[in-house]
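# Coordinate inspection notes
Below, each chain spelled out in residue letters.
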Amino acid sequence: MMEFYSANFSMKNGIVYNIIRLMVSLKEKVSTSISWRYNMLYAKATGLQPKGRFKILGKIHIHKGKNAIFSTGENFLFLSGATYNPLTTNAHGCIFIMDNAVLEIGKNVGMSGTTIWVAKYIKIGNNVKIGGGTTLIDTDAHSLSFKDRRNEISDAKNRIDKEIIIEDDVLIGANVIILKGVHVGARSIIGAGSVVTKDVPEDCIVAGNPAKVVKILKKGIC
């Protein structure tokens, strides 16, 4: 009797489990569909100038200042939140473009939970992949002088902004920070957790804080 009860209980548990899995799967599909369409309208409303299809999944904040430019190439994909990439630890992505600044994103670019702060100019080339939780910021945000920082106007006036350029086919690991004035050469790889303060040559792997070249890649092979 006990064996029959156990088998019957297990069968019922299995059925309930499968029903719950089906419900969760349907919920995720509906959520994804709604998120994609809402974010498409939201991004266009903020002034995004897409040059082809794009998809943004999950909650994201987009700010585009006066006379700023935000453009993306074909097949741009932005995932935001742990639902779509566990490496983002549920952090939401953010694209913040200040007045008169420019953000240009090429075709076939993918990123997860990324924060991009543009005060001057950031360009991301074609076929670039950016890992979860990465930050790109082309400004110091504040003056390096403590006297300037005592006054909001002088602080903003004397901060330093320098463009960031990321060339084609670059792979950026999770939780990387790329600071102002950096030029990342084509086909290079930036290791997870790196802080990039200086230019990265083409066809190499950099890692560390500050990031340094740890390996040279063979052009056209890696």
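Structure first, text after, so check above.
Residues numbered from 1 in each chain as written. Predicted model: local features only at pLDDT ≥ 70, side-chain atom pairs only at ≥ 80, totals over all residues. Heavy atoms only, no water.

### Topic: the nonpolar core
One finds Leu-103, Met-111, Ile-124, Ile-166 and Ile-178 to be the most contacted residues of the largest nonpolar core, which totals 35 residues. In this structure, Ile-166 is in contact with Lys-123, Ile-124, Gly-125, Val-128, Leu-136, Ile-172, Ile-178 and Val-184, ignoring residues within four places of it in sequence. (Core = buried A, V, L, I, M, F, W, Y, C linked by side-chain atoms within 4.5 Å. Buried < 20%, exposed > 50% of the residue type's maximum accessible area, 1.4 Å probe, protein only. Contact = heavy atoms within 4.5 Å.)

### Some thoughts on the sheet that holds strand S12 (residues 135–137)
Taking strand neighbours across the sheet as the criterion, the six strands line up as S3-S6-S9-S12-S15-S18 in an open arrangement whose pairing is parallel. For this open sheet the edge positions go to strand S3 (60–64) and strand S18 (195–196), each flanked by a neighbour on one side alone. Pairing analysis gives two bridges linking strand S15 (residues 177–178) to S18, with the strands arranged parallel. Each residue of the ladder has a partner; that of Ile-178, found in S18, is Val-196. (Pairing = 2+ DSSP bridges. Helix = DSSP H or I, 4+ residues; strand = E, 2+ residues; numbered from the N terminus.)

### Digging into the environment of Asp-99
Mapped onto the elements of the fold, Asp-99 is located in the loop between strand S6 (93–97) and strand S7 (102–105). On the basis of relative accessibility, which here comes to 45%, the residue Asp-99 falls in the partly exposed class. With 31 residues separating them in the primary sequence, Asp-99 and Ala-68 have C-alpha atoms 5.4 Å apart. Filtering out sequence-adjacent residues up to four positions away, Asp-99 remains in contact with Gly-65 and Lys-66. A polar contact of 2.7 Å, which involves the side chain of Asp-99, links it to the backbone nitrogen of Lys-66. (Polar contact = N/O pair within 3.5 Å; in protein donor to acceptor, adjacent residues only side chain to side chain.)

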